[in-house]
Amino acid sequence: MVLYRNCRNTSEIARLISGLVPVREESYVNDIHGNKPKSFVYTNGKELQTIAANFVKDMMKNGLKVEDIAILSIHRTETNPLHDVAALAGIPLSEKREPNKVWFTSIRKFKGLEAQVVLIVDFRFSEIDDELARRIFYVGCSRANAYLQVAFFKDTEEIKDAELLEKLGIK
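Residues numbered from 1 in each chain as written. Predicted model: local features only at pLDDT ≥ 70, side-chain atom pairs only at ≥ 80, totals over all residues. Heavy atoms only, no water.

K.L.:
I keep staring at the overall build of the protein and nothing clicks. Help me out?
P.N.:
Looking only at helices and strands, the protein has six helices and seven strands in total. Each helix (α) and strand (β) of the protein, taken in turn from the N terminus, gives the series α-α-β-α-β-β-β-β-α-β-α-β-α. When each of the 171 residues of the protein is scored for burial, the buried share is 49%. Long-range contacts, defined as pairs at least 24 residues apart, comprise 69% of the intrachain contacts of the protein with a sequence gap of at least 6. Here the protein displays about 9,000 Å² of accessible surface, and carbon together with sulfur accounts for 50% of that area. (Helix = DSSP H or I, 4+ residues; strand = E, 2+ residues; numbered from the N terminus. Buried < 20%, exposed > 50% of the residue type's maximum accessible area, 1.4 Å probe, protein only. Contact = heavy atoms within 4.5 Å. Areas by Shrake-Rupley, 256 points an atom, 1.4 Å probe, with all protein chains shown as cover.)

Written as structure tokens, this is what we have:
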């Protein structure tokens, strides 16, 4: 069954993700508005930890509950620099849904679920042209109800789909 109406995400998130897989954008984007998704680029684990900590801190300042926050990895969490981090901005991380902890898991494990705010991590520049990686990225982005941030891993200088990066706010 193909769904042509986006009922989960804000129009800003829907507009961003409609460029990842073929959808009819005019009927896919809804009238629910929110903040424009933000994108960041990191080149090492320390930079990713800073991006993730700032994300958690900002979301808490905006009055969200810890349970409303999810950090989702394109790849297995065991290979992510956040795997060995116990807490971000003083808030503990957990690889399963637990009270008073930020849920850090893979997009595949989170599929079918949703969160108010989502940070996607681990989408590598070298994977931008990979159809499977784009579909996983799409699924992860579509899990965010109200707000989305993406942290791209710059593992190469060679980018084939510059148009996608521009759409995602990365020049």
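K.L.:
Is there a simple way to think about helix H3 (residues 45–61) in this case?
P.N.:
Because an α-helix completes one turn every 3.6 residues, residues spaced three or four positions apart along the sequence face the same direction. The terminal C-alpha atoms of H3 lie 24 Å apart, and with 17 residues this matches the ideal 24 Å at 1.5 Å per residue to within 8%. Among the residues of H3, those classed as buried are Leu 48, Ile 51, Ala 52, Ala 53, Phe 55, Val 56 and Met 59. Here H3 starts with a cap whose side-chain oxygen sits 3.1 Å from the backbone nitrogen of Lys 46, and that cap is Asn 44. (Expected span 1.5 Å × (residues − 1). Polar contact = N/O pair within 3.5 Å; in protein donor to acceptor, adjacent residues only side chain to side chain.)

K.L.:
Just to check I follow, could you spell out the packing of aromatic side chains for this structure?
P.N.:
We describe a pair of aromatic rings using the distance from one ring centre to the other and the angle between the two ring planes. The full count for this structure, using the stated rule, is six aromatic pairs. Residues Phe 125 and Phe 152 carry aromatic rings whose centres are separated by 6.3 Å and whose planes lie at 65° to one another, so their mutual orientation is edge-to-face. With a gap of 27 residues between them, Phe 125 in the loop between strand E6 (115–124) and helix H5 (131–141) and Phe 152 in strand E7 (residues 144–153) connect regions that are remote in the sequence. For Phe 152, a relative accessible area of 0% translates into the label buried. Three or more aromatic residues joined by ring pairs form one cluster here, namely Phe 123, Phe 125, Phe 137 and Phe 152. (Phe/Tyr/Trp six-rings, centres within 6.5 Å; stacked < 30°, edge-to-face > 60°.)

K.L.:
Is there a simple way to think about the nonpolar core in this case?
P.N.:
The tendency in soluble globular proteins is for nonpolar side chains to be buried as a group. One finds Phe 55, Ile 71, Leu 82, Leu 88 and Val 102 to be the most contacted residues of the largest nonpolar core, which totals 24 residues. At the level of elements, H3, strand E2 (69–73), strand E4 (91–94), strand E5 (102–106), E6 and E7 are the ones that each hand at least two residues to this core. Of all the elements, H3 adds the most residues to this core, at seven residues. The next biggest cluster of nonpolar side chains, apart from the first, holds 22 residues, and it includes Trp 103, Phe 137, Cys 141 and Val 150. (Core = buried A, V, L, I, M, F, W, Y, C linked by side-chain atoms within 4.5 Å.)

K.L.:
Any chance you could explain H5 here in plain terms?
P.N.:
H5 sits mainly inside the fold: eight of its 11 residues count as buried. Within H5, the full set of buried residues consists of Ala 133, Arg 134, Ile 136, Phe 137, Tyr 138, Val 139, Gly 140 and Cys 141. The opening residue of H5, the one whose side-chain oxygen lies 3.0 Å from the backbone nitrogen of Leu 132, is Asp 130.

K.L.:
Would you explain the sheet that holds E2 in this entry?
P.N.:
Remark on secondary structure: sheet strands pair via backbone hydrogen bonds, oriented parallel or antiparallel. The sheet built from seven strands is open, its strands ordered E1-E7-E6-E2-E5-E4-E3 with mixed pairing. With one partner strand each, in any of the chains shown, strand E1 (38–42) and strand E3 (87–88) form the two edges of the open sheet. Note: E2 against E5, four bridges, orientation parallel. If you follow Ser 73 over to E5, its bridge partner there is Ser 106. Relative to E2, H3 is tilted by about 155°, and along the sheet it contacts E1, E2, E3, E4, E5, E6 and E7. The strands that H5 touches are E2, E6 and E7; relative to E6, the one it contacts most, it runs at about 160°. (Pairing = 2+ DSSP bridges. Axes fitted to C-alpha atoms, helices over the stretch in contact; angles between N-to-C directions.)

K.L.:
I keep staring at the side chain of Asp 68 and nothing clicks. Help me out?
P.N.:
As for its placement among the helices and strands, Asp 68 is situated in the loop between H3 and E2. This buried residue, Asp 68, is left without a salt bridge; Lys 65 holds the nearest opposite charge, at 4.7 Å. The residues contacting Asp 68, other than those within four sequence positions of it, are Ala 115, Gln 116 and Val 117. (Lys, Arg positive; Asp, Glu negative; His and termini not counted. Salt bridge = Lys/Arg side-chain N within 4 Å of Asp/Glu carboxyl O.)

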